[in-house]
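Below are the chains, spelled out letter by letter.
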Amino acid sequence: MSLQFLADGLVGGCTVALGAVGITLTYSILRFANFAHGEFISWGCYLTWLLAGAIGAWSIASAAALDPLSVGWNVVLAGVLAMALTGLLGVALDAVLFRPLRKRGASIAAVMASFGAAMALRALIELLFSSRPAYLSRELQIAIPIGAGIRVTPDQIALIAITAVCVGALHGLLSYTGIGRSMRAVSENPALARVVGIDVARVIRLTWFIGGALACASGVMLGLVVQIRPSMGADLLLPLFAAAILGGVGSVPGALIGGLIVGLAEAVTVQLVGAEWRTAVAFLVLIGVLLLRPTGLFGQAA
Amino acid sequence: MPDLIGITAYGSVFFTVALISGIACLGLNLQWGQTGLFNVGVAGFIAIGAYTSALLSTAQAGGHLGGYHWPIAAACLGAMLAAALAAALVGIVTLRLRSDYFAITTFGLAVVVQLILRNAQPLTGGAFGISFIPRPFETLADRPVLFGLANLMLVGALVTVLYSALEALVRSPWGRVLRAVREDERAARALGKSASRYRLQAFTIGGAIMGLAGALQAHLIGFIAPDNFEASLTFQIWTMLIVGGSGNNLGALLGAGLVSVVWSATGLATGVLFPPEDQAQAAALRIIAIGVLLATTIVLRPRGLLGERVTVSRHVAESAVEPSDTPG
């Protein structure tokens with residue numbers, strides 16, 4: 001068996017991890033499983049694709065590939081803008097849908113609403129962009145051998161670096177800043193957090209923004225490595241949940257490690273069984289965790 | 001002169017399909033409406049029923065497992081058993097955990113079922129699905145009106161039986177425990193009722209009913225494919241229940257009828273309004289129409305068209321008519 005699955009799994013795992021971090025944040029702070037999170041991934045990717053096209057049309061020079069990467073400045077800039085827009089999409093979705101439900105105080109109603117929102121967001125993508133696949137980059141990259149029979153493309157190295165920066169920055173935010181402490185406080189006990197004067201509404205807005213922005217990053221990675229399709233986010237949802245629960249709900253490092261484990265397991269499956277069974281392994285991981293250790297690797301007992 | 005034959009044939013197919021959705025919706029009502037179990041994998045259970053029944057009953061295997069040639073009724077029972085087994089397995093793993101984990105696992109089951117339908121070609125026929133599934137009134141097939149009406153009467157009779165059975169269950173002590181578990185698990189446990197056991201029973205029976213819906217779909221239409229069991233089916237069944245009135249069996253059937261009308265009407269409209277190459281995009285509009293119906297209901301009438309009726313024990317109702325001094 002070739003060791004190539006390590007590199008493929010790491011890249012796939014980064015995509016899963018960035019999405020799972022958002023799921024675990026919304027889960028621990030808002031206390032519900034957000035089935036619409038996968039659609040943030042699709043929306044982020046489509047927004048990036050749209051903006052990159054617009055920027056590229058405005059300045060042709062920006063579309064020239066940044067050697068050794070396969071994409072130009074336009075995609076980089078579009079990705080950053082799309083992260084902000086997807087974050088705002090999360091904030092907007094909360095304002096129109098989830099905030100009214102929170103006032104009624106039914107958490108399972110939020111899960112149900114998120115499932116409906118997922119269907120609506122995906123149908124909108126199909127309506128606006130049709131279901132024809134799109135591409136962020138059409139360039140072929142030569143994979144560089146890095147030893148032990150493993151080859152990686154420069155894009156893949158960049159994606160792993162971006163994931164490390166994003167998750168590192170989030171971990172720093174949660175651990176060392178005032179707003180991060182507020183977020184952890186709301187996750188521990190919302191009522192008590194409110195009593196000590198924490199602006200819970202602000203924490204919730206920030207949670208949606210961060211979750212949406214990271215989902216967008218995950219979507220861009222997926223769009224670069226594979227292709228852009230309306231179902232791309234929905235297809236990733238099960239691996240995201242598996243990774244978040246494996247890592248322990250509420251734990252950002254847990255979501256990262258859970259994502260990498262799921263990514264590696266998927267890569268092994270692709271190599272041994274076949275690419276079409278990739279998602280099934282996420283289900284096995286999910287069942288395994290729920291049977292053996294429902295609190296996950298880094299979770300606290302509820 | 002209007003095409004009476006065409007209208008009757010179309011009408012009977014429409015009501016047959018609506019009643020089949022109604023059966024699935026009754027199953028969901030037992031799980032969610034009565035017991036509060038959030039099943040996001042409805043399409044998966046329907047698919048398990050449809051494929052089990054189809055594989056058991058087809059006469060020849062065309063490139064997939066099957067060729068057992070079971071009678072239709074036996075195949076339907078097999079389908080219910082298979083779907084119930086899947087529900088029981090999911091329930092055993094997740095019902096002791098928090099409700100979101102249960103929801104995520106049912107979602108995962110539907111994803112895996114969809115993967116198997118598409119990729120396990122030797123078992124399920126892959127993307128092409130299974131055709132030539134035996135139909136109950138095959139001999140009438142060349143007379144569309146009679147054939148349609150016979151199918152409709154068969155499904156109508158099954159729905160009547162199922163509805164009566166579920167209504168009896170709702171009023172039984174068992175049904176009362178389900179609602180007690182839904183409303184206040186701690187109180188139910190304090191009365192010595194094992195919440196997780198009752199949940200597992202309700203979820204398993206609901207799964208079997210969904211399996212029956214799938215089996216009927218297979219036998220009355222004669223053809224099934226993975227596309228029929230996508231997540232949007234789950235969404236439709238849920239909308240039916242919420243629009244009709246969660247917790248009310250009649251509401252479940254009413255919602256099934258109403259959503260089916262919207263689904264068919266938008267299908268006809270997009271078929272006329274959009275050229276064939278844009279049909280995939282037009283299909284998205286139909287999903288959005290269902291979503292609008294759902295959102296409108298949640299905002300304007302959160303309990304659905306027919307809200308849950310207060311069901312109390314026969315004995316309590318009698319003692320309410322004749323007030324007695326002793327507290328019951």
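Cut-offs applied
Position labels on residues start from 1 in each chain and follow its written sequence. Whichever chain is written first is A, and whichever ligand is written first is 1; the rest continue in order. In keeping with the predicted nature of the model, local features appear solely for residues at pLDDT of at least 70, side-chain atom pairs appear and are counted solely at 80 or more, and the whole-chain, interface and lining totals rest on all residues. Helix and strand definitions follow DSSP, with helices as H or I runs of at least four residues and strands as E runs of at least two, each counted in order from the N terminus. Each radius of gyration is computed over the set of C-alpha atoms, and the globule rule expresses the reference value as 2.2 Å times the number of residues to the power 0.38. Counting other C-beta atoms within 10 Å of each residue's C-beta, where C-beta atoms are placed from the backbone, gives the exposure class: buried for 20 or more, exposed for 12 or fewer, partly exposed between. With C-beta atoms placed from the backbone, a contact is any residue pair whose C-beta atoms sit within 7 Å. Predictor confidence is given residue by residue as pLDDT, running from a minimum of 0 to a maximum of 100. Each residue receives one of three labels: charged for Asp, Glu, Lys and Arg, nonpolar for Ala, Val, Leu, Ile, Met, Phe, Trp, Tyr, Cys and Pro, and polar for the others, Gly being one of them. What counts as an axis is a line fitted to C-alpha atoms, over the stretch in contact for a helix, and the angles between N-to-C directions run from 0 to 180 degrees. Every angle not falling under 35 degrees, over 145, or within 65 to 115 is termed oblique; those three ranges are roughly parallel, roughly antiparallel and roughly perpendicular. In this scheme the handedness of a crossing depends on how the near helix is turned from the far one: anticlockwise by less than a right angle means left-handed, clockwise means right-handed.

Asker: Residue-level account of the overall build of chain A, with values.
Answerer: Scanning chain A from N- to C-terminus turns up 11 helices and two strands. Traced from its N-terminal end to its C-terminal end, chain A shows the element sequence α-α-α-α-β-β-α-α-α-α-α-α-α. Relative to a compact globule of 302 residues, whose C-alpha radius of gyration would be 19 Å, chain A shows 19 Å and is just as compact. For the C-alpha atoms alone, the extent of chain A along its principal axes is close to 55 × 50 × 35 Å. Residues counted as buried form 52% of the 302 residues belonging to chain A. Partitioning the contacts of chain A with sequence separation of at least 6, the portion at a separation of at least 24 is 77%.

Asker: Requested: an account of the overall build of chain B, with residues and values cited.
Answerer: The helix and strand inventory of chain B stands at 13 helices and zero strands. Counted from the first residue to the last, chain B has its helices and strands arranged as α-α-α-α-α-α-α-α-α-α-α-α-α. Since a compact globule built from 328 residues should have a radius of gyration of about 20 Å, the 21 Å found for chain B is in line with a globular shape. On the principal axes, the C-alpha backbone points of chain B span a range of 70 × 50 × 40 Å.

Asker: If you had to explain the confidence of the model for chain B to someone new, which residues and values would you point to?
Answerer: Residue and element names in this part refer to chain B. Mean pLDDT over chain B works out to 85, with 92% of the residues at or above the 70 mark. Summarising per-element confidence for chain B, the mean pLDDT is lowest in helix α13 (residues 314-321) (58) and highest in helix α2 (residues 42-57) (94). Segment residues 322-328 is flagged for pLDDT under 50; beyond a separation of four residues in sequence, or across chains, it makes three contacts in the model. Among the scores for the predicted complex, ipTM is 0.89 and pTM is 0.89.

Asker: I'd like to hear about the interface of chain B and chain A, residue by residue, with values.
Answerer: The partner chain A presents 27 residues to the 28 residues of chain B that form the contact. Looking at the side of chain B that touches chain A, the elements that each hand over two or more residues are α3 (72-94), α4 (99-119), α10 (231-244) and α12 (279-300) of chain B. Considering every element that reaches the side of chain B that touches chain A, the biggest residue donor is α4 of chain B, with 12 residues. Along the lines of polarity and charge, the residues of the side of chain B that touches chain A split into 18 nonpolar, eight polar and two charged.

Asker: Please give an account of the packing of α10 of chain B against α12 of chain B that cites residues and values.
Answerer: All names here are of chain B. The geometry of α10 relative to α12 is characterised by a closest axis approach of 10 Å and an angle of 30° between their N-to-C directions. Between α10 and α12, the angle is such that the two are roughly parallel. Here α10 runs over α12; the crossing is left-handed. Contacts between α10 and α12 involve Ser 232, Phe 235, Gln 236, Thr 239, Ile 242 and Val 243 from the first element and Ile 287, Ile 290, Leu 293, Leu 294, Thr 297 and Ile 298 from the second. Residues belonging to the contact of α10 with α12 are distributed by class as follows: eight nonpolar, four polar and no charged.

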